[in-house]
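Breakdown of the fold
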Amino acid sequence: MPAADTIVALSTPAGESAIAVIRLSGPACAELAAQIMGRTKALRPRYAHFGNYIDASGAIVDDCVFTYFELGKSFTGEAMLEIAPHGNPLIVQKIMEDLFARGCRPAEPGEFTRTAFLNGKMDLSQAEAVSDLIRARSDRSIEVAQRQLHGSVGRKMSELTDRLLSVMAHLEAYIDFPEEDLPSEDQDGPASDLRKLVVEVSDLIDTQHYTALLHEGIKTLIIGEPNVGKSSLINMLTGSDRSIVSDIPGTTRDYISAFLMVGPWRIEILDTAGLHEAGDAIEQIGINHTIEQAETADFFLLVLDAASPSPTLPESLLARMTAKNTIVMENKIDLPNATDHRGFMPEFKHARVSLQDHEGVQSFRQLWIDSIESGLQQPSSDGVVVNARHASALGEARDALELAAQKMKDEDLSELIASDLRAAVDSIGKVVGK
């Protein structure tokens, strides 16, 4: 077969490194390996072979390690060849140009993973997990992506499909063999099974929000009156002068954002304008932006001055804050006139700190991690998390299941119920690309 059917791509990032990895996939891999290394004997599959890379003109380009994977036993399902030269960009360029001259073509973005999917080496959810794993920015997102890469979503979809097919088999037996001596048709069992399936599918759809938090970060707003230490807090958390600190009220006139890690979680933290009676129109715009950001926030850090009276907050902001998604930070406890404010919003968690002296900061960090762990909707024990595409397909399946359950309750024809169940099976199959 022509080498043009063989794709090639640099698998390591561009730039200098100790070693680079160039991957080929296609029918010409075995022949190319022999030509490049000047061998008459084929490479032993799955073994690393050290040798020279000899270009088409006969010149030695570099010392490389070659690893060959035979047809059906590689990542893509095709024959594959991995070439590991030194990570000099010039050497990599020479090897790539030589492979193109030998008839290989550049792989399209994601083509290796797409080929693996088309050859049945992974399902669609696993193919998506490859991208998720590459883009993961927190311990939790890596953990979820690895579970999906190892087939957690596919196994769950198979389980749901098997249970649904069992219900269908029960109903269709009476459709296909009406004259047979079957037990009287009892729909109580299938109806109970359908209700359980609807609940499980709904729970899976709800994990979509968890996926968004993993990829985009937990959006956390620092809110409070002017000069309570909001800007000092974001500077302390990020380890840099991200926000201007000043004794002048209204210094922060719009929100300032940054990303950081808190335990295993990626956080998008926003320092917002102080909540008070605005002194001018520009300052009022900043306060309005704070309230707007609160509409989409996942977590709140309410900072107050321990040496001042408790603040009064806008009703629209209070409506978004709960004991699960908010920590009240009593700052400036080092001041002689500081008092205990735990009577303010007593149902909320409180952290007493001095950002200037770093007193209580470690306890606050642990409280923050604990609050995230307990307050966020996390997946059930099976650890399956779905993305937006999965949720859309599962939503179709849930609609079909609910329709079937209603028809079963109304004692409609079994043929009509079975049709809805088949639609649900098809929608579940979309998740894994069936």
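Structural data are supplied above this passage.
Residues numbered from 1 in each chain as written. Predicted model: local features only at pLDDT ≥ 70, side-chain atom pairs only at ≥ 80, totals over all residues. Heavy atoms only, no water.

**Some points on the overall build of the protein**
Using the following cut-off: Numbering of helices and strands runs from the N terminus, with a helix taken as a DSSP run of H or I at least four residues long and a strand as a DSSP run of E at least two residues long. Burial here depends on accessible area, computed with a 1.4 Å probe over protein chains only, as a share of the maximum for the residue type. Under 20% is buried, over 50% is exposed, and the range in between is partly exposed. Per-residue accessibility takes into account occlusion by the displayed protein chains alone, with areas from the Shrake-Rupley method and a 1.4 Å probe.
From N to C terminus, the protein includes 14 helices and 14 strands. Of all 434 residues assigned to the protein, the portion counted as buried reaches 47%. Carbon and sulfur atoms form 52% of the exposed surface of the protein, whose accessible area is close to 21,400 Å².

**Concerning the sheet that holds strand S11 (residues 265-271)**
Our working rule: A pair of strands is labelled paired if DSSP reports no fewer than 2 bridges between them. In this analysis an axis means a line fitted to C-alpha atoms, helices contributing only their contacting stretch, and an angle means the value between N-to-C directions, from 0 to 180 degrees. Contacts were defined at the residue level, with two residues in contact if any of their heavy atoms lie within 4.5 Å.
The 6 strands are arranged S10-S11-S9-S12-S13-S14 in an open sheet whose pairing can be described as mixed. Edge strands, defined here as strands with exactly one partner in the open sheet, are strand S10 (256-262) and strand S14 (349-352). Strand-to-strand twist across the sheet, computed as the mean angle between neighbouring axes with direction ignored, equals 25°. Alignment of strand S12 (residues 299-305) against strand S13 (residues 326-331), held across 6 bridges, turns out to be parallel. Within the sheet, the bridge partner assigned to Leu301 lies in S13 and is Ile327. Packed onto the sheet, helix H9 (residues 230-238) meets strand S9 (218-223), S10, S11, S12 and S13 and runs at close to 150° relative to S11.

**With respect to the packing of H9 against helix H12 (residues 361-375)**
In plain terms, the rule: Small angles under 35 degrees read as roughly parallel and large ones over 145 as roughly antiparallel, with 65 to 115 read as roughly perpendicular and the rest as oblique. Residues are grouped as follows: nonpolar covers Ala, Val, Leu, Ile, Met, Phe, Trp, Tyr, Cys and Pro; charged covers Asp, Glu, Lys and Arg; every other residue, Gly included, is treated as polar.
Running from N to C, H9 and H12 point in directions that differ by 80°, and their axes come no closer than 13 Å. In terms of axis orientation, H9 runs roughly perpendicular to H12. For the pair formed by H9 and H12, the contact residues are Leu233, Met236 and Leu237 on the first element and Val361, Phe364, Arg365 and Trp368 on the second. Its residues assigned to classes, the contact of H9 with H12 shows 6 nonpolar, no polar and 1 charged.

**What about the environment of Ala258?**
Mapped onto the elements, Ala258 comes out in strand S10. Expressed as a C-alpha distance, the spacing of Ala258 and Ile234, which sit 24 residues apart in the sequence, is 8.3 Å.

**Section: the packing of aromatic side chains**
The relation between two aromatic rings is expressed through the spacing of the ring centres and the mutual angle of the planes. The test is simple: Note on aromatic contacts: the rings of Phe and Tyr and the six-membered ring of Trp form a pair at centre separations within 6.5 Å, being stacked when their planes are under 30 degrees apart, edge-to-face when over 60 apart, and tilted otherwise.
By the definition in use, this model includes 2 aromatic pairs. Seen in terms of ring centroids, Tyr210 and Trp265 are 6.1 Å apart; in terms of plane orientation they differ by 85°. Their pairing is edge-to-face. Here Trp265 lies in strand S11 and Tyr210 lies in helix H8 (residues 208-216), a separation of 55 residues in the sequence. Given a relative accessible area of 4%, Tyr210 falls into the buried group. Note on Trp265: relative accessible area 1%, which makes it buried.

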